[in-house]
Amino acid sequence: MGRAGQWVEATVERLNELIVTRPRTVVALFLVVTAVFAGGMTAVETQTDATEGFSEDLPEQEALDAIETEFEDPFATDEETTQLIHDGTNVLDREELLTMLRLLERVDERDDLRVASANGPATLVAQTIDPTADTPTAQRRAVQSATDTEVRRAVRGLAESQRFAAVVSDDFNPNDATASTTVTVITHDVPQGFDDLQGIQTDIKTLAEDEPADIRTFGSGIINAETGNIIADSLLIVMPIVVLLLLGFLAVAYRDPIDLALGLFALLMTIIWTFGFLGFTGIPFDQQQITVPVLLLAVGVDFGIHFVNRYREETVKGYDAVPAMRIAANQLAIAFVIVTVTAVFGFGANVASDLEPIRNLGLVSAVGIVFTFLIFGLFLPAAKLELDRLRERYGVPEFGSTPIASEGSALGRLLSVSVTVGRRAPALFVVVLLVASAGMGAYGAGVDTTFEQEDFLPPEEEPGYVEYIPEPFAPGEYTVTSTLGLLEDNFEASQDASLTMFVEGPFEADHALEALAAPNDDPPGTLAVGDGGEAETTSIVTVIRSHARSDPEFAALVARNDRDGNGIPDRNLDRIYDALLESPAEPRASQYLTDDRRGAQIEYTVESGATQEEIAADGAEQASRFRYAATATGQIVIFDAITAIIFESAIQGLFLAVVLTGVFLVVTYGILEGMPLLGIVNVFPITVAVASLVGTMRLFGLPLNALTATILSIAIGIGIAYSVHITARFIDEYKEGDDVATALRTTLTGTGGALTGSMLTTALGTGALGLAITPVLGNFGLLIALSVLYSFGLSVVALPPALFLWDRYQTGAPLVGRARDL
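Given the structure is predicted, the values throughout are model-derived calculations rather than measurements. (Residues numbered from 1 in each chain as written. Predicted model: local features only at pLDDT ≥ 70, side-chain atom pairs only at ≥ 80, totals over all residues. Heavy atoms only, no water.)

**Remarks on unusual backbone geometry**
Item 1. With omega at 15 degrees, the peptide bond leading from G505 into P506 counts as cis.
Item 2. Positionally, P506 belongs in the loop between β5 (493–504) and α19 (512–517).
Item 3. Its identity as a non-glycine residue notwithstanding, R114 has a phi of 50 degrees, on the positive side.
Item 4. Structurally, the position occupied by R114 is in the loop between α4 (94–109) and β2 (115–119).
Item 5. The backbone of N572 sits at a positive phi, close to 50 degrees, despite the residue not being glycine.
Item 6. Turning to its location among the elements, N572 is positioned in the loop between α21 (552–560) and α22 (573–582). (Helix = DSSP H or I, 4+ residues; strand = E, 2+ residues; numbered from the N terminus.)

The structure is reproduced here in structure tokens:
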């Protein structure tokens, strides 16, 4: 061992000496720090918009922000909308229309709901019957006074209206005047920066639920409200189960109520410190952060079981409390430091992501791991020592003080089987594992990557176990996912999906508007939602046509300057724009043409059910068809860009975690033990485990998404602990003069027992996330549990043959044995 290694060991011994000589001081200091962090917990903020933060600093988002700044008057009101989805057998009959109009009337009576207008099939039918009916009350009276025949006649008269067709379902039958679903859009008059749309839409939802019809309220406020509830409900479901599982397994592992209470208190301290850190730093608590306490509990359980188990191994040999604690602390300290640093590398690798929520998850989990190390590496042994002194003073008996496994136990014999098998043909064993992992990795390279709002929402049909969850843990009722499904199933074009095209002019030349409209006649597939396969758009061209239909004087001006008679003026465009912008009846013009007339935007309705990738690709193709420079943007394009970054983040995080962990272990073992190759041996099982995990993801159809993209590097951070603990114990036994086989058997029957308890607790604890309401959390919990199982199993199975090969290399023996040894 070099001087650096001697210095590290001396520093660790001095720190451990402080623990055993001044335990009360250590405990008091940690309790004070815990009180400070508890104060920070009160400042934690919850992020209810599940997708907010992912698009920050993205060029696509910056382009959309620039468009909004360019086309919107900073002093104008925002146009926020709420959609009312009316579903039934025939929602166009007179009684159903009256139900909708009564609801609109009740909403309009509430000044706090800020209704500017309401447009849908019911309002259009009412205005067809009575053109002067311009309020919900007047519209309700118009339909109420009409006969069923008059209502059906009005519906048939609207059949050719594109405006009407856009808000009735695909099964609309004009002859019978029937449709199963309609959409009514309420526009709200709210000031710039208004932030209580959630409250408005929640109140409208309450009013809609009072009506004798299936009318669903939908909008961004409802989505945010349900997302916030999902976070609370998921915690209420998952955390009690995690706690119960921890109690069960820790009771078996510790077999002593005082040790169990101490371990649980240390876990509680870890959560308090981490959430206090969230509060002090202002990092919001979102759905991604729900995984943090579960991950920290997993690592904390691992540390706690190892420490208590190793301490008991020494007390069983007859050592008193202080000498036993000194030995256990000195032997485990280096392993704990190595596990902590490698876990920080694994979790913290996500800090390099270009997506802010993933960066936050990486930062918080990495800091939390450091907190876990401090609490379980310093506080726990000091508190354990002090408690044992008090027990001895007051004569409190120990209920269980033996290690989890021993060499003669059934578990010990099972864990050591890999030593016998790996000793016979280590090279063949290692090659088989390498080939298998390469195959799984190659297969897993085709795993899907997604980023959709639905990832953060509950499934349309909740799992069966939900109905058995008692209050207050039972989740609330969620409607967003089923409403989205209803819209996709009944409307050819999605009601809330659009693509925005920013086109750079200038648009004063005679051909400008013709050039702006021409590409829309034959657009790519997902944009061809019009009846004749053309694009369904809103732009300065459609605004001109719309205003011409309602203003005869403006229509005459357009006709005089429309040489080919297609409704698009192709000369004197300055006069057209001036007349349009000066008209108080058409305020939309400035939303689609900039003041300097050098920029225009076009909003495209997209095909319902089309994938983000398809829409983004078609948007890029459509942009290339314009004579002017055009850029496709909008939420769908942004989400597609995020999807690409998610995949990059996953690969980047995995690469950083593996490289940093491998380099650190090689340097550490080289400095401390003069055995740098042990670092490579340590990384071998976890790389096989991660390759197996990726293959499993593709096999089970589990995509990389906003949360599971972090799983690859996190799997390194959690899984490396198993091989590090085995290697650290193996080195101690190996240095005492034992041969490799004896050292491995002692390690696997001693440390292996603690690893088994830790693995079971961690796998089931993290697997409890599978019961969370949202699929993204459920998939993450399942994958974390699988990664723990793979990491543990491969550490027990793959490390022995790798260590046999390492020993042969060290001693200069042939790496491949004779044929009869194979």
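**A short note on the pairing of strand β7 (residues 599–607)**
Item 1. Within β7, seven of the nine residues are buried, leaving the element largely enclosed by the surrounding structure.
Item 2. Judged from the two bridges that link them, strand β6 (residues 537–538) and β7 form a sheet pairing that is antiparallel. Within the sheet, the bridge partner assigned to T537 lies in β7 and is Y604. (Buried < 20%, exposed > 50% of the residue type's maximum accessible area, 1.4 Å probe, protein only. Pairing = 2+ DSSP bridges.)

**Section: the side chain of Q201**
Item 1. With respect to the secondary-structure elements, Q201 resides in helix α9 (residues 197–209).
Item 2. Looking at Q201, its side chain comes within polar contact range of the main-chain nitrogen of G221, at 2.7 Å.
Item 3. Each residue touching Q201, except ones within four places of it in the same chain, is listed here: T81, T82, T217, F218, G219, S220, G221 and I222. (Polar contact = N/O pair within 3.5 Å; in protein donor to acceptor, adjacent residues only side chain to side chain. Contact = heavy atoms within 4.5 Å.)

**Observations concerning the pattern of salt bridges**
Item 1. Per the stated rule, a full pass over the model turns up 14 salt bridges.
Item 2. As a salt-bridge pair, R563 and D510 come within 3.9 Å of each other at their nearest N and O atoms. Placement of R563 in the loop between α21 and α22 and of D510 in the loop between β5 and α19 is noted, with a sequence separation of 53 residues between them.
Item 3. Overall, the relative accessible area of 55% leaves R563 in the exposed class.
Item 4. What emerges from the salt-bridge pattern is a single network uniting R106, D210 and E211. (Salt bridge = Lys/Arg side-chain N within 4 Å of Asp/Glu carboxyl O.)

**Some points on a nonpolar patch on the surface**
Item 1. A cluster of nonpolar side chains, F655, V659, V663, V667 and I671, forms an exposed patch at the surface whose accessible area comes to about 420 Å².
Item 2. Residue position: I671 is located in helix α25 (residues 635–673). (Patch = residues over 30% accessible without salt bridge, like charges linked within 9 Å, V, L, I, M, F, W, Y side chains within 5 Å. Areas by Shrake-Rupley, 256 points an atom, 1.4 Å probe, with all protein chains shown as cover.)

**With respect to the environment of G530**
Item 1. The residue G530 is located in the loop between α19 and β6 in this model.
Item 2. Linking G530 and V606, residues 76 residues apart in sequence, is a C-alpha distance of 9.9 Å.

**Observations concerning the packing of helix α17 (residues 426–444) against helix α29 (residues 775–811)**
Item 1. Relative to each other, α17 and α29 sit at 130 degrees, their axes nearing to 9 Å. In terms of orientation, α17 and α29 fall into the oblique class. Judged by the sense of rotation from one axis to the other, the crossing of α17 with α29 is left-handed. Residue-level contacts link P426, A427, F429, V430 and L433 of α17 to L794, V797, A798, P801, A802, F804, L805 and R808 of α29.
Item 2. Residues that form the contact of α17 with α29 fall into these classes: twelve nonpolar, no polar and one charged. (Axes fitted to C-alpha atoms, helices over the stretch in contact; angles between N-to-C directions. Parallel < 35°, antiparallel > 145°, perpendicular 65-115°, else oblique. Left-handed = near helix turned anticlockwise from the far one by under 90°. Nonpolar A, V, L, I, M, F, W, Y, C, P; charged D, E, K, R; others polar.)

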